[in-house]
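# Topology and contacts: notes
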Amino acid sequence: MKTIGLACDHAGFELKEYVRGWLEVKGWAYKDFGTNSAASVDYPDYAHPLALAVESGECYPGIAICGSGNGINMTLNKHQGIRAALCWNAEIAHLARQHNDANILVMPGRFISTEEADMILTEFFSTEFEGGRHQKRIDKIPVK
């Protein structure tokens, strides 16, 4: 597995710290793009570097967290080659990988517990992309 990219805003900081520990227990390498505290910041400042790292192949996959997950997800998906998926339960994470080949997992830091995050992370990292008819659909997502 490549180095996993992490990014969050202030509302996602606490959950990102949990995720860092989760990755460390597994012995998986990661690169933390910040933020590094709960002080108010703007999520695009952290989403863009993560997206660029995933696009370039420096990191794969990525994990991003903000309060609702929406803002950071919207920002990430402005990048070509990014398929960020907002996942609030394990089933959504499974389908995001299996059907959409999501390359960045986005979680809503204010709306899920660490127990739910554990299940989401486990599902995201254990599910393979199915390909086939799903690849055909992904191929229709425009890339400039």
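As the structure is a computational prediction, the values presented were derived from the model and not from experiment.

This part is about the UniProt feature "binding site: D-ribulose 5-phosphate" (unreviewed entry) in the chain. Feature annotation in UniProt assigns "binding site: D-ribulose 5-phosphate" (unreviewed entry) to the following positions: Asp 9, His 10, Gly 67, Ser 68, Gly 69, Asn 70, Gly 71, Asn 100, Arg 110, Arg 133 and Arg 137. Spanning 129 residues, the named residues are also spread out in space, since their farthest C-alpha pair is 38.5 Å apart. Along the chain, the position of Asp 9 falls in the loop between β1 (4–8) and α1 (13–26). A residue is classified by how much of its surface remains accessible, and Asp 9, at 5% relative accessible area, is buried. Setting aside residues up to four positions removed in sequence, Asp 9 forms contacts with Thr 35, Val 41, Tyr 43, Ile 65, Cys 66 and Gly 67. Here Gly 71 shows up in helix α3 (residues 70–76).

Note: most residues except glycine have negative phi, and most peptide bonds are trans. Backbone torsion omega between Gly 34 and Thr 35 reads 5°, so that peptide bond is classified as cis. Secondary-structure assignment places Thr 35 in the loop between β2 (30–32) and α2 (44–56). Here the residue pair Tyr 60 and Pro 61 is connected by a cis peptide bond, since its omega of -10° sits within 30 degrees of zero. By the element assignment, Pro 61 lies in the loop between α2 and β3 (62–66). With a phi close to 50°, Asp 101 is a non-glycine residue in the positive phi region. Tracing the sequence through the fold places Asp 101 in the loop between α4 (90–98) and β5 (104–108). A residue is classified by how much of its surface remains accessible, and Asp 101, at 16% relative accessible area, is buried.

All right, on to the pattern of salt bridges then. It is possible for side chains bearing opposite charge to pair when their charged atoms get close. Enumeration over the complete set of coordinates arrives at eight salt bridges. Across the salt bridge formed by Glu 17 and Arg 20, the nearest N and O atoms sit 3.2 Å from each other. Separated by three residues within a single helix, Glu 17 and Arg 20 lie in helix α1, roughly one turn from each other. Glu 17 sits in the partly exposed class, given a relative accessible area of 30%. Through salt bridges with shared partners, one network takes in Lys 16, Glu 17, Arg 20 and Asp 32.

What counts as what
- Residues numbered from 1 in each chain as written.
- Predicted model: local features only at pLDDT ≥ 70, side-chain atom pairs only at ≥ 80, totals over all residues.
- Heavy atoms only, no water.
- UniProt positions renumbered as here; feature names shortened; annotations may be inferred.
- Helix = DSSP H or I, 4+ residues; strand = E, 2+ residues; numbered from the N terminus.
- Buried < 20%, exposed > 50% of the residue type's maximum accessible area, 1.4 Å probe, protein only.
- Contact = heavy atoms within 4.5 Å.
- Salt bridge = Lys/Arg side-chain N within 4 Å of Asp/Glu carboxyl O.

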